[in-house]
Amino acid sequence: MSGILAGKRILVTGVLTESSIAFQAAKVAQNEGAEVILTGFGRLSLVERIAKRLPKEAPVIELDVTNQEHLDGLADKIREHQGEGARLDGIVHSIAFGPQGAFNFLEAEWSDVGTAVQVSAYSYKSLTMACLPLMEHGGAVVGLTFDAQIAWPKYDWMGVAKAALESTNRYLARDLGPKGVRCNLVSAGPIKSMAAKSIPGFEELADVWNHRAPIGWDLADPEPAGRGVVGMLSDFFPRTTGEIVHVDGGVHMMGA
């Protein structure tokens, strides 16, 4: 099979519905020649149903990134599916969560903030380290962020967690570069996904794109962001690491 990911083996986290960026990344990756494994947390049967809607059904591994036992056993679970010569050439980190309290900046308790940072930022490092034994020949890690350069309406401590993710990406890129592992983020515009429903005031936040995206932005189309992820997984960016690639219709560069 030809394609920019031909022969590569990719682990994709965060697939819950077809409207997710992670699903589109997995779909495009398969169309570009990759062998894909998914992870799911909680509603595993739902992820398994969604996996059947990919061009080729993908196996699903249960993974809670806050559970150290799950992380410690992840490489072995992948080996069970791949057999002899198991390896990973790429990881897609599409994991974020903030309790409702994290969306009230002045009133948030540390328990809510700590959860948001652990799941949304620290897991980028912990997931990568769990998979590193399978990346002896290098590879690419791509995470998803939401531009943390500015204070968005309603986003509050999740914005802080994304800023932590963006910093984590730089440090991870520094430390894993000598091992041939590239670490980059795709900063995507808002998508009407399952995750968006948990963000209070999402419509107000997303409305910015209706007025400020110079090339336009479709809240119902996660494919452009999925394609951006696949591009960064490919060998077309062999010396790009620690970077944030914006796939947001250009909103990030617009002035006031």
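Look up: the structure comes first, before these words.
All values derive from a computational prediction rather than experimental measurement.

K.L.:
When you look at the overall build of the protein chain in this model, what are you seeing that I'm missing?
P.N.:
A count of helices and strands for the protein chain gives seven helices and seven strands. Going from N to C terminus, the protein chain has its helices and strands arranged as β-α-β-α-β-α-β-α-β-α-β-α-α-β. A compact globule built from 256 residues should have a C-alpha radius of gyration of about 18 Å, and the protein chain, at 17 Å, falls within 12% of that. Per-residue burial over the protein chain gives 50% buried out of 256 residues. Sequence separation of 24 or more characterises 75% of the internal contacts of the protein chain that already satisfy a separation of 6 or more. Total accessible area on the protein chain is roughly 12,100 Å²; 51% of this is exposed by carbon and sulfur atoms. Each charge class in the protein chain can be summarised by its mean position, and for the 23 positive and 30 negative side chains these summaries are 4 Å apart.

K.L.:
I keep staring at the packing of aromatic side chains and nothing clicks. Help me out?
P.N.:
Aromatic rings considered in pairs are described by the distance between their centres and by the relative angle of their planes. In this structure the tally under the stated criterion is five aromatic pairs. Seen from their ring centres, F105 and W157 are 4.5 Å apart, and the 10° between their planes marks the pair as stacked. Here the residue F105 occupies a position in the loop between β4 (90-93) and α4 (110-131), and W157 occupies one in helix α5 (residues 157-176), the gap between them amounting to 52 residues. Every member of this aromatic cluster is reached through a ring pair, and the members are F146, W152, Y155 and W209.

K.L.:
Please explain the pattern of salt bridges as it appears in this structure.
P.N.:
Opposite charge on two side chains lets them pair, provided their charged atoms get close. For the coordinates displayed, the defined rule picks out eight salt bridges. For R79, the salt bridge is made with D76, and the minimal N-O distance between the two is 2.7 Å. You can see R79 and its partner D76 sitting in helix α3 (residues 68-82), three residues apart, about one turn around the helix. Judged by its relative accessible area of 32%, R79 is partly exposed. The partly exposed category is assigned to D76, whose relative accessible area is 44%. With a shortest N-O distance of 2.9 Å, E223 and R227 are connected by a salt bridge. With a gap of four residues between them, E223 and R227 both fall in helix α7 (residues 223-233), about one helical turn apart.

K.L.:
How should I be thinking about the side chain of S126 in this particular structure?
P.N.:
Locating S126 in the fold gives a position in helix α4. Given the relative accessible area of 8%, S126 is considered buried. Beyond its immediate chain neighbours, meaning those up to four positions away, S126 contacts V65 and L71.

K.L.:
Please explain the nonpolar core as it appears in this structure.
P.N.:
Generally speaking, nonpolar side chains in soluble globular proteins are found buried as a group. Grouped together as the largest cluster of nonpolar side chains are 51 residues, with contacts concentrated most on V12, V36, L38, Y155, V229 and L233. Per element, the largest residue contribution to this core is seven residues, and it comes from helix α1 (residues 21-31). Ignoring anything within four residues of it in the chain, the contact list for V12 reads A22, A26, V36, I37, L38, T39 and V92. Core analysis: the second largest hydrophobic core is formed by 29 residues, L71, A130, V141 and V181 among them.

K.L.:
Got a minute to help me understand α5 in this structure?
P.N.:
One full turn of an α-helix is made of 3.6 residues, so residues set three or four places apart face in the same direction. Taking 1.5 Å as the rise per residue, α5 with 20 residues should run 28 Å; its terminal C-alpha atoms sit 28 Å apart, in good agreement. The complete set of buried residues in α5 reads M158, G159, A161, K162, L165, E166, T168, N169, L172, A173 and L176. Considering only its buried residues, α5 is in contact with α4, β5 (139-145), β6 (181-188) and β7 (244-247).

K.L.:
Help me understand unusual backbone geometry in this model?
P.N.:
Trans peptide bonds make up the majority, and among non-glycine residues the majority have a negative phi. Non-glycine residue K154 carries a positive phi angle of around 75°. Mapped onto the fold, K154 is located in the loop between β5 and α5. K154 gets classed as partly exposed once you look at its relative accessible area, which sits at 38%. Although it is not a glycine, D156 adopts a positive phi angle of roughly 50°. With a relative accessible area of 23%, D156 lands in the partly exposed category.

K.L.:
Could you clarify how one ought to interpret the sheet that holds β6 in this entry?
P.N.:
Backbone hydrogen bonds are what pair the strands of a sheet, in a parallel or an antiparallel way. Read from one edge of the open sheet, seven strands run β3-β2-β1-β4-β5-β6-β7, paired in parallel fashion. Two strands close off the open sheet at either side, each with one partner strand: β3 (60-62) and β7. Put simply, the sheet's adjacent strands are angled 20° from each other on average, direction ignored. With seven bridges connecting them, β5 and β6 associate as parallel partners. Of the residues in β6, the one forming a bridge with V141 is C183. Sheet contacts for α1: β1 (9-12), β2 (35-40), β5 and β6; angle to β2, the most-contacted strand, approximately 160°.

How each quantity is defined
- Residues numbered from 1 in each chain as written.
- Predicted model: local features only at pLDDT ≥ 70, side-chain atom pairs only at ≥ 80, totals over all residues.
- Heavy atoms only, no water.
- Helix = DSSP H or I, 4+ residues; strand = E, 2+ residues; numbered from the N terminus.
- Rg over C-alpha atoms; globule rule 2.2 N^0.38 Å.
- Buried < 20%, exposed > 50% of the residue type's maximum accessible area, 1.4 Å probe, protein only.
- Contact = heavy atoms within 4.5 Å.
- Areas by Shrake-Rupley, 256 points an atom, 1.4 Å probe, with all protein chains shown as cover.
- Lys, Arg positive; Asp, Glu negative; His and termini not counted.
- Charge placed at Lys NZ, Arg CZ, Asp CG, Glu CD.
- Phe/Tyr/Trp six-rings, centres within 6.5 Å; stacked < 30°, edge-to-face > 60°.
- Salt bridge = Lys/Arg side-chain N within 4 Å of Asp/Glu carboxyl O.
- Core = buried A, V, L, I, M, F, W, Y, C linked by side-chain atoms within 4.5 Å.
- Expected span 1.5 Å × (residues − 1).
- Pairing = 2+ DSSP bridges.
- Axes fitted to C-alpha atoms, helices over the stretch in contact; angles between N-to-C directions.

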